[in-house]
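# Understanding the architecture of this molecule
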Amino acid sequence: HAYLIVSVSGSRCRTQVINGCTCQHIIFEHAGHQCSHFQIAVSAVVGSINMDIILNMEKVPDVGENLLGTDYGYACGGKGANQATGLARLGAKTKMIGKVADDTNGRKLIENLQKNGIDSSCVRTDGTQTGMAAIIIDGEGRNRIVVYEGANSEIDPKNAADCIDNSLDLLLVQFETNEDVVVE
């Protein structure tokens, strides 16, 4: 069985293909550069699952300054969950491997994964707090992001490894979890 590992850093892409891949076409792109073109049927993503709060404002405050925002919203996010959602929307049978807490945000994030057709059976719900990202967007569309790892930093490498089997065409990981989870 094949495993495909794609990592995107800056505007450079590195792809490692082991034993080839077969099934639906997926193109990985970053910063306008095509990394690789593959066909994938069964995938798993090991990674972060976060609730994002997005704050819009004309100007980002200086240290000690308070400013009013123009609006805000919540979105389901985390690099891992976003990657799993993209794979599922491209037609791959996708499993998410990660961790949230048994709290309102954790339940909403699992519900969102399921709504997108993602197998959430390997998302543990015994974390201390669900991960969160605060995203500030200024009037020119520039963002600043602060990530609180929460349960993402508590993923057990062995539990994650136990969810990976030989049926996968693609295993996608990223570094919004502990490095030992990625290595395992």
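Residues numbered from 1 in each chain as written. Predicted model: local features only at pLDDT ≥ 70, side-chain atom pairs only at ≥ 80, totals over all residues. Heavy atoms only, no water.

### As for the overall build of the protein chain
The criterion, for reference: Secondary structure elements are defined from DSSP: runs of H or I of at least 4 residues count as helices, runs of E of at least 2 residues count as strands, and each element is numbered from the N terminus. A 1.4 Å probe rolled over the protein chains alone gives each residue an accessible area, and that area as a share of the maximum for its type sets the label: buried under 20%, exposed over 50%, partly exposed in between. It only takes one pair of heavy atoms within 4.5 Å for two residues to be counted as in contact.
The number of helices and strands found in the protein chain is 4 helices and 12 strands. The 184 residues of the protein chain split such that 40% are buried. Expressed as a percentage of contacts within the protein chain between residues at least 6 apart in sequence, the contacts between residues at least 24 apart total 61%.

### Points about the packing of aromatic side chains
In plain terms, the rule: Between the rings of Phe, Tyr and Trp (Trp by its six-membered ring), a pair exists once the centres lie within 6.5 Å; its type follows the angle of the planes, with under 30 degrees stacked, over 60 edge-to-face, and the other angles tilted.
With the rule as written, the count across this model stands at 1 aromatic pair. A centroid spacing of 5.9 Å and a plane angle of 85° characterise the contact between Tyr72 and Tyr74, whose relative ring orientation is edge-to-face. Each member of the pair, Tyr72 as well as Tyr74, carries the same accessibility label: exposed.

### Comments concerning the state of the cysteines
Inclusion rule: Sulfur atoms of two cysteines make up a disulfide when they are within 2.5 Å.
The full count for this structure, using the stated rule, is 1 disulfide. Two residues, Cys122 and Cys163, share a disulfide whose sulfurs are 2.3 Å apart. Torsion about the S-S bond of the Cys122 and Cys163 cystine: about -100°, corresponding to left-handed handedness. Separated by 41 residues along the polypeptide, Cys122 in strand 9 (residues 119-127) and Cys163 in the loop between helix 3 (157-162) and strand 12 (170-173) bring together distant segments of the chain. A residue is classified by how much of its surface remains accessible, and Cys122, at 12% relative accessible area, is buried.

### Comments concerning the pairing of strand 12
How we decide: In short, DSSP must find at least two bridges between two strands for them to pair.
Residues Leu170 and Leu172 line one face of strand 12 and the alternating positions Leu171 and Val173 line the opposite face, and both faces are buried. With 4 bridges connecting them, strand 5 (residues 42-46) and strand 12 associate as parallel partners. Among the inter-strand pairings, Ala44 is bridged to a residue of strand 12, identified as Leu171.

### Details of the confidence of the model for the protein chain
For the record, the criterion: What pLDDT reports is the predictor's confidence in each residue, on a scale of 0 through 100.
Across the protein chain, pLDDT averages 81, with 78% of residues at or above 70. Across the protein chain, element-level confidence peaks in helix 2 (residues 104-115) with a mean pLDDT of 97 and bottoms out in strand 2 (residues 12-18) with 40. Across residues 1-38 the pLDDT falls below 50, and counting only partners more than four positions away or on other chains, this stretch makes 91 contacts in the model.

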